[in-house]
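# Reading the structure
Residues per chain are reported as follows:
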Amino acid sequence: NAGVTQTPKFRVLKTGQSMTLLCAQDMNHEYMYWYRQDPGMGLRLIHYSVGEGTTAKGEVPDGYNVSRLKKQNFLLGLESAAPSQTSVYFCASSYSIIKETQYFGPGTRLLVL
Amino acid sequence: GESVGLHLPTLSVQEGDNSIINCAYSNSASDYFIWYKQESGKGPQFIIDIRSNMDKRQGQRVTVLLNKTVKHLSLQIAATQPGDSAVYFCAENPGDMRFGAGTRLTVKP
């Protein structure tokens, strides 16, 4: 099993450009999450999904959109990138949303100039 | 301990020594806790978890202690090895998962 995979690994964007980050999991997990991690700070939840076709806002959703068209995939979109969105983005999945370990992908490093 | 600033707390230990990493959590209603290890350039990895009906849980070379009275968690790593060098952070779950910023552990050979 590959677990949780993320593409791309690294990307440089100019302010105003758009992009989509892809997360895929092969563990048949219902729940998927997108986090951002900034230096010296904990993971902050952007959006999450409790199942195929569902999405919900997390702690810092502004400037991001998500889609979960297939159970195994969770996409994170930036419509108009801003320098404040420079961060490392982690995708995670879990069997259930409460009191369960989350399995993380390797991360996508995004630099917005 | 945990930090929300730009600089993570750091712990430097000699190879073979025991390490103790601390975490203060915020919500007295939290009833599930996880310790994660994050190596440089990688995503967090599960180490050990504990539920609030326990005070202590042991894994392979790791022990987690929970003190609900003072809302404090600790992770003890026995016979620390160079491969243990990483950022360690705790997560609490009062209904959704909350992550601390972490402590950077450096193991000196």
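Anyway, here's the lowdown on the structure attached to this text. (Residues numbered from 1 in each chain as written. Chains lettered and ligands numbered in written order. Predicted model: local features only at pLDDT ≥ 70, side-chain atom pairs only at ≥ 80, totals over all residues. Heavy atoms only, no water.)

## Section: the overall build of chain A
On a plain count of helices and strands, chain A comes out with zero helices and eleven strands. Sequence-ordered secondary structure for chain A, helices as α and strands as β, is β-β-β-β-β-β-β-β-β-β-β. By the compact-globule yardstick of 13 Å for 113 residues, chain A fits well, its C-alpha radius of gyration being 13 Å. Counting only C-alpha atoms and orienting by the principal axes, one finds that chain A spans roughly 35 × 30 × 25 Å. (Helix = DSSP H or I, 4+ residues; strand = E, 2+ residues; numbered from the N terminus. Rg over C-alpha atoms; globule rule 2.2 N^0.38 Å.)

## Quick look at a nonpolar patch on the surface
Residues and elements named next belong to chain A. Among the surface-exposed residues, Phe 10, Val 12, Leu 111 and Leu 113 lie close enough to one another that they form a single nonpolar patch of about 360 Å² accessible area. Its place among the elements puts Phe 10 in strand 2 (residues 10-13). Phe 10 gets classed as partly exposed once you look at its relative accessible area, which sits at 47%. (Patch = residues over 30% accessible without salt bridge, like charges linked within 9 Å, V, L, I, M, F, W, Y side chains within 5 Å. Areas by Shrake-Rupley, 256 points an atom, 1.4 Å probe, with all protein chains shown as cover. Salt bridge = Lys/Arg side-chain N within 4 Å of Asp/Glu carboxyl O. Buried < 20%, exposed > 50% of the residue type's maximum accessible area, 1.4 Å probe, protein only.)

## Let's talk about the interface of chain A and chain B
Between chain A and chain B, the contact holds 17 residues from the first and 24 residues from the second. Taken over both partners, the interface formed by chain A and chain B buries close to 1500 Å², and the fraction arising from carbon and sulfur atoms is 54%. Our count for the contact surface shared by chain A and chain B stands at zero salt bridges. At the boundary of chain A and chain B, one finds two residue pairs in polar contact (both at pLDDT 80 or more). Residues of the side of chain A that touches chain B, tallied by class, amount to nine nonpolar, six polar and two charged. (Contact = heavy atoms within 4.5 Å. Buried area = accessible area lost by both parts, 1.4 Å probe. Polar contact = N/O pair within 3.5 Å; in protein donor to acceptor, adjacent residues only side chain to side chain. Nonpolar A, V, L, I, M, F, W, Y, C, P; charged D, E, K, R; others polar.)

## So, the pattern of salt bridges
With the rule as written, the count across this model stands at seven salt bridges over all chains. Between Asp38(A) and Arg44(A) there is a salt bridge, with its nearest N and O atoms 2.7 Å apart. Judged by relative accessible area, which is 10%, Asp38(A) ranks as buried. The partner of Arg61(B) in a salt bridge is Asp84(B), and the shortest N-O contact between them spans 2.9 Å. In this pair, Arg61(B) is assigned in the loop between strand 5 (56-58) and strand 6 (62-67) and Asp84(B) in the loop between strand 7 (72-77) and strand 8 (86-92), connecting sequence segments 23 residues apart. By relative accessible area, Arg61(B) is classed as partly exposed at 30%. Residue Asp84(B) is classed as buried on the basis of its relative accessible area of 7%. Through salt bridges that share partners, Arg36(A), Asp38(A) and Arg44(A) make up one connected network.

## Re the environment of Arg68(A)
Residue and element names in this part refer to chain A. Following the sequence through the fold, Arg 68 ends up in the loop between strand 7 (64-67) and strand 8 (73-78). Taking the C-alpha atoms as reference, Arg 68 lies 8.9 Å from Met 32; in sequence the two are 36 residues apart. A polar contact is formed between the side chain of Arg 68 and the backbone oxygen of His 29, at a distance of 3.3 Å. In terms of polar contacts, Arg 68 uses its side chain to reach the side chain of Ser 49, at 2.7 Å.

## Looking at unusual backbone geometry
Residues Thr7(A) and Pro8(A) are joined by a peptide bond in cis, for which omega reads -5°. Take Pro8(A): it is sitting in the loop between strand 1 (4-7) and strand 2. Phi at Lys71(B) takes a positive value of approximately 55°, unusual for a residue other than glycine. Counting through the fold element by element, Lys71(B) comes out in the loop between strand 6 and strand 7.

## A closer look at the sheet that holds strand 2 (residues 19-24) of chain B
All names here are of chain B. Read from one edge to the other, the open sheet built from four strands follows the order 2-7-6-5, with strand pairing classed as antiparallel. With partners counted over all chains shown, the strands left at the sheet margins are strand 2 and strand 5, one partner each. Strand-to-strand twist across the sheet, computed as the mean angle between neighbouring axes with direction ignored, equals 15°. Summarising the sheet, strand 2 and strand 7 pair through six bridges and their orientation is antiparallel. Paired with Asn 22 across the two strands is Ser 74, which belongs to strand 7. (Pairing = 2+ DSSP bridges. Axes fitted to C-alpha atoms, helices over the stretch in contact; angles between N-to-C directions.)

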